[in-house]
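Here is how the chains run, residue by residue.
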There are 2 protein chains.
Amino acid sequence: MKASQGVEWGLHLCMLLAFAEPHQTVDATSLAEYHELPLPYLRKILQALTRAGVLESVAGPTGGYRLARSADQITFLDIFSAVEGDQNAFRCTEIRQKGPTGLDQKCYPAACAIAATVWAAEQAWRDHLAGVSLFDITDGLTALAPPGQHELAITWLTKHTRA
Amino acid sequence: MKASQGVEWGLHLCMLLAFAEPHQTVDATSLAEYHELPLPYLRKILQALTRAGVLESVAGPTGGYRLARSADQITFLDIFSAVEGDQNAFRCTEIRQKGPTGLDQKCYPAACAIAATVWAAEQAWRDHLAGVSLFDITDGLTALAPPGQHELAITWLTKHTRA
DNA sequence: GGTAATGTGGATATGATATATCCACATTAT
DNA sequence: ATAATGTGGATATATCATATCCACATTACC
Ligand code: SF4
Ligand code: SF4
């Protein structure tokens, strides 16, 4: 089981944008350079985040991306779902209905105990991700002493944000 | 993010074997027929479960597979890890070290807060899977009235188990 | 001891999916 | 009008899951 690479990208992108001033945007080219990511594919991730309502896009010469709402209102689950979709990792193919002991389909009104257990575990995982917001992380970073990498990020932002 | 098909197979295989008497074995061909699965690939799953110590294999004409320990000692996590491996779903490629604000590698002694958060969520998922054993499921099934599909499974087992 | 039935492991083929790229078009500041 | 940007679709490539095959080891039975 593997999460797509775009999840890491999405989390970092949103973290960076969380340090920018509200309403200011950063264009895709600058974001790609910041993380040394392939621009064409990065655009796909940005579009997915926009469609999911995590980011806002602004077209035009001074356009770019910004958070769609405040950092404390964006959870890790929001970003994960935006990039990965919200399908369950465990997909049931109903093999219990196959083979010599298979019964008619109407005998299976609900998910079995096996699937219920695995899906409950996935829910526990989602609950954990939903409990952490971008603000929780940025707040933890800025509280650290001495100043770390995020200071460099903020300095970089002053040169790549637009009104 | 998708879990491999083999997880569903592995869970069902172990569930079925949990209904068999201890020490009795079921051969791979019968297991494949029971679930209508492709025999050659099913063997791979069985071998993975054996390597992981979930199943025991017996060679020879009356050989086959059986649980390596009692059903209450085999958790869903055991089966999942056996089939999927124990790598994290979220893989960090350290993109924070890249780009204009990247620092020397020795500046990153530990995982960042982003990775720590995601991995903690995965741990919550594992904890849940580790909390459910095969016995928990079979016990729940046999307690149900009226008798369900597992009765058919037990009958089938009487014809396909070996000493 | 010979034979047949079974499991094991490696190599390999196939298919699905993630990753990456490109292009025609819509939007908007200047 | 122009240029810079984001959007969406189509497509190529790489990677991995799925599926298959074969030579060999093990063991019950004759
Ligand atoms: S019995 Fe459960 S796990 Fe198996 S195929 Fe049906 S729903 Fe899925
Ligand atoms: S900052 Fe965190 S998530 Fe990003 S690459 Fe480093 S460890 Fe991974």
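Values in this document were obtained by computation on a predicted structure and should not be read as measured data.

J.: Just checking my understanding: could you explain the site of ligand 2 for this structure?
T.: Neighbouring ligand 2 are A:E8, A:H12, B:C92, B:E94, B:I95, B:R96, B:C112, B:I114 and B:A115. Among the secondary structure elements, those contributing two or more residues to the shell around ligand 2 are α1 (5-18) of chain A together with α5 (113-130) of chain B. The residue inventory of the shell around ligand 2, partitioned by class, reads five nonpolar, one polar and three charged.

J.: When you look at empty space enclosed by the protein in this model, what are you seeing that I'm missing?
T.: The rolling of a water-molecule-sized probe over the atoms marks out the regions of remaining empty space. All told, the structure shown has four cavities of 30 Å³ or more when counted by the stated rule. Here the largest cavity is characterised by a volume of approximately 200 Å³. Taken together, 21 residues form the lining of the largest cavity, with A:M1, B:F80, B:A89, B:E122 and B:W125 sitting closest to its centre. Of all the elements in the fold, those that place two or more residues in the lining of the largest cavity are α5 (113-130) of chain A together with α4 (76-84) and α5 of chain B. Residue composition of the lining of the largest cavity, grouped by class: twelve nonpolar, four polar and five charged.

J.: What exactly am I supposed to notice about the protein's contact with DNA strand D here?
T.: With respect to spatial proximity, 26 residues lie near DNA strand D, and among them A:K44, A:S57, A:Y65, A:R162 and B:Q5 are the closest. Counting only atoms of DNA strand D within 4 Å of the protein, the fraction found in sugar and phosphate groups is 60%. Contact between DNA strand D and A:S57: a phosphate oxygen at 2.6 Å from a side-chain N or O atom of the residue. Within the backbone of B:Q5, a nitrogen or oxygen atom sits 2.7 Å from a phosphate oxygen of DNA strand D. Mapped onto the surface near DNA strand D, the elements with two or more residues apiece are α3 (39-51), β2 (55-58) and β3 (64-67) of chain A together with α1 (5-18) and α3 (39-51) of chain B. By residue number, the principal contributor to the surface near DNA strand D is α3(A), which donates five residues.

J.: Help me understand the packing of helix α4 (residues 76-84) of chain A against α5(A) in this model?
T.: Residues and elements named next belong to chain A. At a minimum axis separation of 6 Å, α4 and α5 run at an interaxial angle of 120 degrees. Between α4 and α5, the angle falls in the class oblique. Every residue of α5 that contacts α4 at F76, L77 and F80 is listed here: W125, R126, L129 and A130. Its residues assigned to classes, the contact of α4 with α5 shows six nonpolar, no polar and one charged.

J.: It is not clear to me how the relation of the copies chain B and chain A should be interpreted in this structure. Could you clarify?
T.: A rotation about some axis, followed by a shift along it, carries one copy of the chain onto the other. Under the fitted operation, chain B is carried onto chain A by 0.0 Å of movement along the axis and a turn of 180 degrees, and the coordinates agree to an RMSD of 0.0 Å. Put plainly, the chains are arranged around a two-fold axis. Minimal C-alpha distance to the rotation axis in chain B is attained by B:W125, lying at 2.4 Å. Here 100% of the contact residues of chain B are again contact residues in chain A; the copies associate through an equivalent surface.

J.: What should I look at first to understand helix α7 (residues 149-160) of chain B in this one?
T.: Each turn of an α-helix holds 3.6 residues, which means side chains three or four residues apart point in the same direction. Residue and element names in this part refer to chain B. In this model, α7 (twelve residues) spans 17 Å end to end at C-alpha, consistent with the 16 Å of a helix rising 1.5 Å per residue. If you check which residues of α7 are buried, you get Q149, H150, A153, W156 and L157. All buried residues of α7 project into a common sector of 110 degrees when viewed along the axis, lining one side. What points out from α7, more than 90 degrees from its buried face, is the exposed set T158 and K159. Of the surrounding secondary structure, the elements contacted by the buried residues of α7 are α1, β1 (25-26), α2 (28-35), α6 (134-143) and β4 (161-162).

J.: Please clarify how the pattern of salt bridges should be interpreted in this entry.
T.: When their charged atoms lie close together, side chains carrying opposite charge are able to pair. Considering all chains together, one arrives at twelve salt bridges over all chains under this definition. Between A:E122 and A:R126 there is a salt bridge, and its shortest N-O distance comes to 3.8 Å. With A:E122 and A:R126 both in helix α5, this residue pair falls four residues apart, about one helical turn. The exposure class of A:E122 is buried, given its relative accessible area of 5%. With a relative accessible area of 13%, A:R126 lands in the buried category. B:E94 is the partner of B:R96 in a salt bridge, and the nearest nitrogen-oxygen pair spans 2.9 Å. The class of B:R96 is buried, set by a relative accessible area of 15%. Its relative accessible area of 24% is what places B:E94 among the partly exposed residues.

Rules behind the numbers
- Residues numbered from 1 in each chain as written.
- Chains lettered and ligands numbered in written order.
- Predicted model: local features only at pLDDT ≥ 70, side-chain atom pairs only at ≥ 80, totals over all residues.
- Heavy atoms only, no water.
- Near = heavy atom within 4 Å.
- Helix = DSSP H or I, 4+ residues; strand = E, 2+ residues; numbered from the N terminus.
- Nonpolar A, V, L, I, M, F, W, Y, C, P; charged D, E, K, R; others polar.
- 1 Å grid on protein atoms, 1.4 Å probe; cavity = no way out; pocket = protein on both sides within 12 Å on 5 of 7 lines; lining within 4 Å.
- Points joined across faces, edges and corners; volume = space filled by probe spheres on them.
- Polar contact = N/O pair within 3.5 Å; in protein donor to acceptor, adjacent residues only side chain to side chain.
- Axes fitted to C-alpha atoms, helices over the stretch in contact; angles between N-to-C directions.
- Parallel < 35°, antiparallel > 145°, perpendicular 65-115°, else oblique.
- Contact = heavy atoms within 4.5 Å.
- Least-squares fit on C-alpha atoms with pLDDT ≥ 70 in both.
- Expected span 1.5 Å × (residues − 1).
- Buried < 20%, exposed > 50% of the residue type's maximum accessible area, 1.4 Å probe, protein only.
- Arc of directions from axis to C-beta.
- Salt bridge = Lys/Arg side-chain N within 4 Å of Asp/Glu carboxyl O.

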